[in-house]
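Understanding the architecture of this molecule
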Number of protein chains: 2
Amino acid sequence: MVVALADRSGREPREPKYYVVKRHLLDIIGTLPPGTLVPTERLLMVQLGTSRTTVRQALGELVGEGRLVRRQGSGTYVAEPKVHWPLRMTSFTEQAHATGHAASTELIDAGREKATDEIAARLDVRVDALVHRIERLRLVDDVPMAVETSHLSAQRFPGLAKLLRRGDSLYRVLREEYGVVPVTAEETIETASASPREAELLGTETGAPMLVLSRHSFAADGSPVEWVQSWYRGDRYRFVTRLTTD
Amino acid sequence: MVVALADRSGREPREPKYYVVKRHLLDIIGTLPPGTLVPTERLLMVQLGTSRTTVRQALGELVGEGRLVRRQGSGTYVAEPKVHWPLRMTSFTEQAHATGHAASTELIDAGREKATDEIAARLDVRVDALVHRIERLRLVDDVPMAVETSHLSAQRFPGLAKLLRRGDSLYRVLREEYGVVPVTAEETIETASASPREAELLGTETGAPMLVLSRHSFAADGSPVEWVQSWYRGDRYRFVTRLTTD
DNA sequence: CTCCAAAATTGGACTAGACAATTTCGGATG
DNA sequence: CATCCGAAATTGTCTAGTCCAATTTTGGAG
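Turning our attention to the sheet that holds strand S3 (residues 68-71) of chain A. Residue and element names in this part refer to chain A. The three strands are arranged S2-S4-S3 in an open sheet whose pairing can be described as antiparallel. Looking along the sheet, the strands with just one partner apiece sit at the ends: strand S2 (37-38) and S3. Sheet analysis places S2 next to strand S4 (residues 75-78), joined by two bridges and oriented antiparallel. Across the sheet, the residue bridging to valine 38 is threonine 76, located in S4. Contacts between helix H3 (residues 52-64) and the sheet are confined to S3 and S4, with S3 contributing the most and set at about 115 degrees to the helix.

The structure is reproduced here in structure tokens:
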């Protein structure tokens, strides 16, 4: 490993004006409990000698970071801290129960569509082959938490959509109806921004920062079973995992 | 588990004007290879009958998602795909070598400071007790990848800063000089936005979306050893883990 | 042809303001 | 006292523009 003292002493990063506003707001927020009202945009604009656009840029960033909440017609408030959401435990429902919360799932849409290049590659089917597309909303204590979109081969799992509409869990249907159990998976985590649709389902704003967890799961014989993307609000959730070296 | 058909048929989400611009840009981007120039802001403004502010909002979101790259004075270009970065393997250096890249680390700053409430709680020291603060820049093939800020108890690890300045790896110093080996850790992953400092170190813009990985590690006796936060550019990196159910 | 300085182009930051959507609150009314 | 309604307050969206900074292009001098 190469280690060297960094010579980054050149020019210090120049600070945009909106960032001065942001630091001022962080000072204000620091001591206040969640739910406290912060000054209005027009007041901040006058107090800090700037335009409303600049104030809104600072506010918008803090909202995206989960430090503030804006309510049209009402005001801007100090936000609740982010919720820690454990990864890699057994199932969504058990995770919630383990922490004393009620989990539920709403089936938003279940149908079939033609596989795009990416879906076809992930599910090992031909391009334009029919695949199931299952969209569900995960809720904890009746608050929307994540939008999940699953893709599975329609040829391998015929009639899946109908079974799911009866209200069964996806993994139980896979096991009991098709004898398929995913045993390995590759998960990726990345940032994204909310589309109008996701924003509405999750009660946030279009463009809001999101955490996207994608899981690509495989059966014991190595065949791909499911490809699912779960969209979480980045301002509200923080993923937690426990590591051990052994 | 409660499952119900969702009745979210009310009003469809209304689409902001900037989102029309964004979708238009996504159409353009879709077929083009990385490095391709996209239309200028002023041209898009005229073509789409909107203001430059609105065009820039759409462009800015796509830049944050890693789909576009803007270069002042030059133009806006289709970006390279995100880099997959494996989590939870052994060490930073080995991860890079395993994929055929050269890893290096620059020591930006190493000194001592008084523990804030949060640091004190995490390191199990008194508030205002001295703690080491070590800031390093991780590079892959000489491209900055992440800014890491570590905190360790100064009382437990006397003289650590001097040892690190000699160029040793942190974990080797802990093991060989102090006989301490972290065996468990709790990791959290969340979104954030870049400060001017992080933006400059990583070559991105202030406010750009980031992925922040925090690791709180413990020795075999359960005592906290280190608390480290690693800031990655969210437009460039995507974390990957492999799961097995057994 | 080469080189250099000026001009043009392009993105970056910020301002001022108009109007819409929503919430809040107080006054009129029953 | 309760209810309804409208004005005021507040955030949401979008426009039109200015000025600046960085880069690229152009064109003239040599």
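Following the structure, the description resumes.
Right, let's get into the relation of the copies chain B and chain A. Superposition record for chain B on chain A: RMSD 0.0 Å, screw rotation 180 degrees, translation along axis 0.0 Å. Accordingly, the operation relating the two chain copies is best matched by a two-fold axis. Nearest to the rotation axis, the C-alpha of Thr191(B) is located 3.5 Å from it, this being the minimum over chain B.

This part covers the environment of Pro158(B). Here Pro158(B) lies in the loop between strand S8 (143-153) and helix H6 (160-165). Using a relative accessible area of 52% as the deciding quantity, one classes Pro158(B) as exposed.

A separate point is the packing of helix H1 (residues 17-30) of chain A against H3(A). Residues and elements named next belong to chain A. The geometry of H1 relative to H3 is characterised by a closest axis approach of 8 Å and an angle of 55 degrees between their N-to-C directions. Comparing the axis directions of H1 and H3 gives the class oblique. Between H1 and H3 the crossing geometry is right-handed. Here Lys17, Tyr18, Tyr19, Val21, Lys22, Leu25, Leu26 and Ile29 of H1 come into contact with H3, specifically with Thr54, Val55, Gln57, Ala58, Leu59, Glu61 and Leu62. Residue classes in the contact of H1 with H3 are distributed as 10 nonpolar, two polar and three charged.

Let us look at the nonpolar core. Counting residues in hydrophobic clusters, the biggest one holds 28 residues, and the most contacted among them are Trp85(A), Tyr232(A), Phe239(A), Trp85(B), Tyr232(B) and Phe239(B). Contributions of two or more residues to this core are made by helix H4 (92-98), strand S8 (143-153), strand S10 (209-219) and strand S12 (237-244) of chain A together with helix H4 (92-98), S8, strand S10 (209-219) and strand S12 (237-244) of chain B.

Moving on: the sheet that holds strand S4 (residues 75-78) of chain B. All names here are of chain B. Spatial strand order, S2-S4-S3: three strands in an open sheet with antiparallel pairing. Looking along the sheet, the strands with just one partner apiece sit at the ends: strand S2 (37-38) and strand S3 (68-71). Together, S3 and S4 form the strand contacts of helix H3 (residues 52-64), whose direction differs from that of S3 by roughly 115 degrees.

Attention now moves to the pattern of salt bridges. Counted by the stated rule, this structure contains 34 salt bridges over all chains. Between Asp235(A) and Arg233(A) there is a salt bridge; the shortest N-O distance is 2.9 Å. Each of the two residues, Asp235(A) as well as Arg233(A), counts as buried. For Glu176(B), the salt bridge goes to Arg175(B), with nearest N and O atoms at 3.8 Å. With relative accessibility at 45%, the residue Arg175(B) sits in the partly exposed group. Several salt bridges share partner residues, and in doing so they unite Glu41(A), Arg52(A), Arg56(A) and Arg70(A) into one network.

Residue and element names in this part refer to chain B. Despite not being glycine, aspartate 128 has its phi angle at roughly 75 degrees, a positive value. One non-glycine residue with positive phi stands out, namely aspartate 141, at about 55 degrees. The topology assignment puts aspartate 141 in the loop between strand S7 (130-140) and S8. Assessed through its relative accessible area of 37%, aspartate 141 is described here as partly exposed.

This brings us to the interface of chain B and chain A. Each partner contributes residues to the interface: chain B has 61 residues there, and chain A has 60 residues. Buried area between chain B and chain A, summed over both chains or domains, comes out near 5500 Å², and the portion from carbon and sulfur atoms is 53%. On the surface where chain B and chain A come into contact, there are six salt bridges. For Glu186(A), the salt bridge identified is with Arg242(B), shortest N-O distance 3.5 Å. The interface formed by chain B and chain A contains 19 residue pairs in polar contact (both at pLDDT 80 or more). Listing elements by their share of the side of chain B that touches chain A, those giving two or more residues are strand S1 (2-5), helix H1 (17-30), strand S6 (103-114), S7, strand S9 (182-193), helix H8 (196-202), S10 and S12 of chain B. Top element by residues in the side of chain B that touches chain A is S9(B). It accounts for 11 residues. Taken together, the residues of the side of chain B that touches chain A sort by class into 27 nonpolar, 16 polar and 18 charged.

Thresholds applied
- Residues numbered from 1 in each chain as written.
- Chains lettered and ligands numbered in written order.
- Predicted model: local features only at pLDDT ≥ 70, side-chain atom pairs only at ≥ 80, totals over all residues.
- Heavy atoms only, no water.
- Pairing = 2+ DSSP bridges.
- Helix = DSSP H or I, 4+ residues; strand = E, 2+ residues; numbered from the N terminus.
- Contact = heavy atoms within 4.5 Å.
- Axes fitted to C-alpha atoms, helices over the stretch in contact; angles between N-to-C directions.
- Least-squares fit on C-alpha atoms with pLDDT ≥ 70 in both.
- Buried < 20%, exposed > 50% of the residue type's maximum accessible area, 1.4 Å probe, protein only.
- Parallel < 35°, antiparallel > 145°, perpendicular 65-115°, else oblique.
- Left-handed = near helix turned anticlockwise from the far one by under 90°.
- Nonpolar A, V, L, I, M, F, W, Y, C, P; charged D, E, K, R; others polar.
- Core = buried A, V, L, I, M, F, W, Y, C linked by side-chain atoms within 4.5 Å.
- Salt bridge = Lys/Arg side-chain N within 4 Å of Asp/Glu carboxyl O.
- Buried area = accessible area lost by both parts, 1.4 Å probe.
- Polar contact = N/O pair within 3.5 Å; in protein donor to acceptor, adjacent residues only side chain to side chain.

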